[in-house]
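An overview of the molecular structure
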Amino acid sequence: LLDNLVLVSIQHLWLLIKLRLFLRSPFVVIGALIMAFIVSPSGGLIFMLIIPILLAIIFVILYFTRKKYQDVQSDLDVVVRRTRENLQGVRVIRAFIKEDNESKDFNNSLNKLASSQKKVNLVSTILNPITYVIINIGIILVVYVGAKQVESQKLLQGDVIALYNYMGQILVEL
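Sequence positions are assigned chain by chain, starting from 1 and proceeding in written order. This being a predicted model, a pLDDT of at least 70 is required before a residue's local features are given, and a value of 80 or more before pairs of side-chain atoms are given or counted; all residues contribute to the totals for chains, interfaces and linings. Computation of side-chain values: all heavy atoms of the structure, hydrogens and water removed.

A word on the overall build of the chain
Put simply, the rule reads: Put simply, DSSP marks the helices as runs of H or I at least four residues long and the strands as runs of E at least two long, and each gets a number from the N terminus on. Values of the radius of gyration come from C-alpha atoms, whereas the globule rule sets the reference at 2.2 Å times the count of residues to the power 0.38. By definition, residues are in contact when any of their heavy atoms lie within 4.5 Å. Methods summary: accessible areas were calculated by the Shrake-Rupley approach with a probe of 1.4 Å, and residue burial reflects only the protein chains presented. Note on charges: Lys and Arg go in the positive column, Asp and Glu in the negative column, and His and the chain ends are not counted at all. Every charge is mapped onto a representative atom, which is NZ of Lys, CZ of Arg, CG of Asp or CD of Glu.
A tally of helices and strands in the chain yields five helices and zero strands. Traced from its N-terminal end to its C-terminal end, the chain shows the element sequence α-α-α-α-α. Computed over the C-alpha atoms, the radius of gyration of the chain is 25 Å, more than 25% above the 16 Å expected from 2.2 N^0.38 for a compact globule of 174 residues. Reported as C-alpha extents along the three principal axes, the dimensions of the chain are approximately 85 × 30 × 20 Å. Contacts in the chain between residues far apart in sequence, at least 24 positions, make up 74% of those at least 6 positions apart. When the accessible area of the chain is evaluated, it comes to approximately 12,400 Å², of which 67% is carbon and sulfur surface. Of the side-chain charges in the chain, 18 are positive and 12 negative, and the distance between the mean point of each set is 3 Å.

Things to note about the packing of aromatic side chains
Which entries qualify depends on this criterion: The aromatic pairing rule takes the rings of Phe, Tyr and Trp, using the six-membered ring of Trp, and pairs them if the centres are within 6.5 Å, calling planes under 30 degrees apart stacked, those over 60 edge-to-face and the rest tilted. Three labels apply to residues, based on accessible area from a 1.4 Å probe with only protein chains included: buried if under 20% of the type maximum, exposed if over 50%, partly exposed otherwise in between.
Using the criterion set out here, one finds one aromatic pair in the structure. Ring plane angle 75° and centroid distance 5.5 Å describe the contact between Tyr63 and Phe64, whose orientation is recorded as edge-to-face. For Tyr63, a relative accessible area of 56% corresponds to the exposed category.

A look at the packing of helix α4 (residues 99-151) against helix α5 (residues 157-173)
Note the cut-off: Angles shown run from 0 to 180 degrees and are taken between the N-to-C directions of axes, each axis being a line fitted to C-alpha atoms and, for helices, limited to the stretch in contact. For this classification, under 35 degrees means roughly parallel, over 145 means roughly antiparallel, 65 to 115 means roughly perpendicular, and everything else is oblique. As a working rule, the residues Ala, Val, Leu, Ile, Met, Phe, Trp, Tyr, Cys and Pro are called nonpolar, Asp, Glu, Lys and Arg charged, and the rest polar, with Gly in that last group.
Between α4 and α5, the least distance of the axes is 9 Å, while the angle of their chain directions is 170°. Compared by their axis directions, α4 and α5 come out roughly antiparallel. On α5, the residues touching Thr131, Tyr132, Ile135, Gly138, Ile139, Val142, Val143, Gly146 and Val150 of α4 are Gln157, Val160, Leu163, Tyr164, Met167, Ile170 and Leu171. A per-class count over the contact of α4 with α5 returns twelve nonpolar, four polar and no charged.

Comments concerning α5
The condition is simple: Between the first and last residue of a helix there are one fewer steps than residues, each counted as 1.5 Å, and that sum is the expected span. The arc under discussion is defined with respect to the helix axis, by the directions toward the C-beta atoms.
The end-to-end C-alpha distance of α5 is 25 Å, a good match for the 24 Å that 17 residues give at a rise of 1.5 Å each. Of the positions making up α5, those classed as buried are Val160, Ala162, Leu163, Tyr166, Met167, Ile170 and Glu173. Down the axis of α5, the smallest arc covering the buried residues is 160°, so these residues share one side. Exposed and facing more than 90 degrees away from the buried side of α5 are Gln157 and Val172.

Focus on the nonpolar core
Our working rule: The set of buried Ala, Val, Leu, Ile, Met, Phe, Trp, Tyr and Cys residues whose side-chain atoms join them within 4.5 Å is what this entry labels a nonpolar core.
In terms of nonpolar packing, the biggest core is built from 20 residues, with Phe47, Ile50, Ile135, Leu163, Met167 and Ile170 touching the most fellow members. Looking at this core, the elements with two or more residues in it are α1 (2-39), α2 (41-88), α4 and α5. Among the elements that take part in this core, α5 stands out by supplying six residues, more than any other. Not counting chain neighbours up to four residues away, the residues in contact with Phe47 comprise Ala32, Leu33, Ala36, Pro52, Val142, Leu163, Tyr166, Met167 and Ile170.

Considerations on α2
Heads up, the condition is: Here the bend at each residue means the angle between axes fitted to two seven-residue stretches, the one ending at that residue and the one beginning there.
Taking 1.5 Å as the rise per residue, α2 with 48 residues should run 70 Å; its terminal C-alpha atoms sit 66 Å apart, in good agreement. The sharpest bend along α2 reaches about 35° and sits at Thr65.

Topic: the pattern of salt bridges
As a reminder, the rule being used: What counts as a salt bridge is simple: a side-chain nitrogen of Lys or Arg found within 4 Å of a carboxyl oxygen of Asp or Glu.
Applying the stated rule across the entire model yields three salt bridges. Between Lys67 and Asp71 there is a salt bridge, and its shortest N-O distance comes to 3.0 Å. In this pair, Lys67 and Asp71 both sit in helix α2, four residues apart, roughly one turn of the helix. What makes Asp71 partly exposed here is its relative accessible area of 30%. Among the ionic pairs, Lys112 bridges to Asp75, the shortest N-O distance being 3.8 Å. In this pair, Lys112 sits in helix α4 while Asp75 sits in helix α2, placing the two residues 37 residues apart along the sequence. Owing to a relative accessible area of 53%, Lys112 belongs among the exposed residues under this scheme.

Some words on the environment of Ile126
In this structure, Ile126 sits in helix α4. For the pair Ile126 and Ile61, spaced 65 residues apart in sequence, the C-alpha to C-alpha distance is 8.3 Å.

Read these as spatial facts, not as claims about activity.
Written out as structure tokens, the structure is:
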């Protein structure tokens, strides 16, 4: 009963995370894009360049890590199952002097889990730096174009700051 309750709670947590990701984030990104066009059409074009690049990179990395995360989860399930079996059958294991075999099997399961975790983390660690680089390139472009427009008095300094903040909102959401 407790296992089922924990499983349902974890499933609800994932549902909430997915709802936030797929409902809130697109509205914020689209809203920032619209506001960028309202503040400055040329600033909005920078956003139109940066957002698809970011989305493409995020989806490519998620596509390649999805299967690996499933492998990690199944390896974790094996470790948890072995732990439960060993704890429940500790008397039988001792009676038949199988401690060494069970210990080796458990360590093999842990090593497999660690190996699959390392593989998926290697790919996942690329995501954060790449998104930061792209957003910072977008911020540099916004500040550069904004400075040129402020210099020619087509844009106010506060508008450049607004564009900068909209770019930051996109980074937070993606």
